[in-house]
Amino acid sequence: MTRTEEITAAANREHLPGDGHMWVMVLGDLVIFAGYFVIFAVHRAMNRDEFLQAQQHLAINIGVLDTVVLLSSSWFIARAVLATRAGRHQAAVRHLYAGGTLGVAFMAVKSYEWFVKINAGHTNSEMFFSFYYVITGVHLIHVLIGLIVLGVLVRELRTRRRSSLVESGAVYWHMVDLLWVVIFGLLYVMR
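Notes on the structure follow. Owing to the predicted nature of the structure, the values given are computational and were not obtained by experimental measurement.

Turning to helix α3 (residues 48–55), a few remarks are in order. Residues spaced three or four apart along an α-helix point in a common direction, a consequence of the helix completing one turn every 3.6 residues. Turning to α3, its buried residues number three or more, namely F51, A54 and Q55. For α3, the buried positions fall inside an angular range of 100 degrees around the axis, keeping them on one side. Turned more than 90 degrees from where α3 packs its buried face, D49 and Q53 sit exposed.

Right, let's talk about a nonpolar patch on the surface for a bit. A surface patch of nonpolar side chains, amounting to about 300 Å² of accessible area, comprises I60, V64, V68 and V189. Tallying contributions element by element places helix α4 (residues 60–85) first for the nonpolar patch, with 3 residues.

To continue, consider the environment of G20. Mapping G20 onto the fold places it in helix α2 (residues 20–46). Placed 169 residues apart in sequence, G20 and V189 show a C-alpha to C-alpha distance of 34 Å.

For the rest of this paragraph, the subject is the packing of α4 against helix α5 (residues 89–119). At a minimum axis separation of 8 Å, α4 and α5 run at an interaxial angle of 165 degrees. Here α4 lies roughly antiparallel to α5, going by the angle between them. You can see that α4 and α5 cross each other, and the crossing is left-handed. The class makeup of the residues in the contact of α4 with α5 is 17 nonpolar, 7 polar and 4 charged.

Counting residues in hydrophobic clusters, the biggest one holds 49 residues, and the most contacted among them are F40, L96, F106, F128, Y132 and L187. Ranked by residues supplied to this core, first place goes to helix α6 (residues 127–158) with 15 residues. What F40 contacts, discounting residues up to four positions off in sequence, is F51, F128, F131, I135, L186 and L187.

On to the pattern of salt bridges, then. Overall, the coordinates contain 4 salt bridges when judged by the stated rule. A salt bridge links D66 to K110; its shortest N-O distance comes to 3.2 Å. Placement of D66 in helix α4 and of K110 in helix α5 is noted, with a sequence separation of 44 residues between them. Assigned by exposure class, D66 and K110 land together as buried. Here the salt bridges do not stand alone but share partners, grouping D66, K110 and E113 into one network.

Looking at where T84 falls in the secondary structure, it is placed in helix α4. Within the structure, T84 has its side chain in polar contact with the backbone oxygen of A80 (distance 2.8 Å). Excluding residues that lie within four positions of it along the chain, T84 makes contacts with H89, A92, L157, S163 and V166.

Let's shift gears to the packing of aromatic side chains. Throughout the structure, instances matching the rule amount to 16 aromatic pairs. An angle of 80 degrees between the planes, with centres 5.6 Å apart, marks the rings of F40 and F131 as edge-to-face. You can see F40 sitting in helix α2 and its partner F131 sitting in helix α6, a full 91 residues away along the chain. Judged by its relative accessible area of 0%, F40 is buried. Classification of F131 as buried rests on a relative accessible area of 15%. Ring centres 5.3 Å apart and planes at 90 degrees place the aromatic pair F128 and F129 in the edge-to-face group. In this pair, the class of F128 matches that of F129, namely buried. Feature note: the residues F40, F51, W114, F128, F129, F131, Y132 and Y133 constitute an aromatic cluster, connected by ring pairs.

Rules and cut-offs
- Each chain has its residues counted from 1, following the order in which its sequence is written.
- The predicted origin of the model limits local features to residues at a pLDDT of at least 70 and limits the giving and counting of side-chain atom pairs to 80 or more, whereas totals for whole chains, interfaces and linings rest on all residues.
- Hydrogens and waters are ignored; side-chain quantities use all the structure's heavy atoms.
- Relative accessibility under 20% of the residue-type maximum defines a buried residue, over 50% an exposed one, and the middle range a partly exposed one, all with a 1.4 Å probe and only protein chains included.
- Numbering of helices and strands runs from the N terminus, with a helix taken as a DSSP run of H or I at least four residues long and a strand as a DSSP run of E at least two residues long.
- Throughout, the arc means the angular range of directions from the helix axis out to the C-beta atoms.
- Note that patches include only residues with greater than 30% relative accessible area and no salt bridge, and the join distances are 9 Å for like charges and 5 Å for nonpolar side chains (Val, Leu, Ile, Met, Phe, Trp, Tyr).
- A 1.4 Å probe and the Shrake-Rupley method give the accessible areas. Residues count as covered only by the protein chains that appear here.
- Salt bridges, as used here, are contacts in which a Lys or Arg side-chain nitrogen is within 4 Å of a carboxyl oxygen on Asp or Glu.
- To define axes, lines are fitted to C-alpha atoms, for helices over the stretch in contact only, and angles between the resulting N-to-C directions are given on a 0 to 180 degree scale.
- With respect to orientation, any angle under 35 degrees is reported as roughly parallel, any angle over 145 as roughly antiparallel, any angle of 65 to 115 as roughly perpendicular, and every other angle as oblique.
- Crossings are classed by handedness, with left-handed meaning an anticlockwise turn of the near helix from the far one by less than a right angle and right-handed meaning a clockwise turn.
- For this scheme, ten residues count as nonpolar: Ala, Val, Leu, Ile, Met, Phe, Trp, Tyr, Cys and Pro. Four count as charged, namely Asp, Glu, Lys and Arg, and the remainder, Gly too, count as polar.
- As used in this record, nonpolar core signifies buried Ala, Val, Leu, Ile, Met, Phe, Trp, Tyr and Cys residues forming a set joined through side-chain atoms within 4.5 Å.
- When checking whether two residues touch, look at their non-hydrogen atoms; a contact exists if any pair is within 4.5 Å.
- Within 3.5 Å is the distance limit for a polar contact, defined as a pair of N or O atoms, with the added protein rule that one can donate a hydrogen and the other accept it, and that residues adjacent in sequence qualify only through two side-chain atoms.
- Ring geometry is summarised as follows: Phe, Tyr and Trp rings, the Trp one being its six-membered ring, pair when their centres sit within 6.5 Å, and such pairs are stacked at plane angles under 30 degrees, edge-to-face over 60 and tilted between the two.

These results come straight from atomic positions and should not be treated as a statement about function.
What follows is the structure, given as structure tokens:
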């Protein structure tokens, strides 16, 4: 192998996964969520006792369950990317279905949690819960978009089988999971 071929092979192995446009969108979303997080932190600092008291009504075990579910879904999506790169498209589809099923499970658990909180009288009339519903609601919309993306990836793997598209979808899904980890830390853990 010539030096040029070695450099080309190394560049192909070490490429940034997915499409550059997806990375721009992901970075944009991260900036928007960073704004939510900063505004939340400012209000939390100004109303520390109120936020701490309201935070006691969140069940950390449900937050942990949501976190485990989403991180597990990310594992399946990563496995789908690896299977796609290896040309094992049926395995990739199965991994995408597993990741998507866990995404739906996350939405079901979060919906249940919202139902319980609203029935207990914790509405957006309380500042903490106003932030809670907005931040987790915007995140849920991103999960729903992610599920649509996973559906597109399944279709892609059954037709054209472009690994770059699968990688781009995985980048989006991992961003959604990363955001949840930060949300979990801010809303459930940080006291």
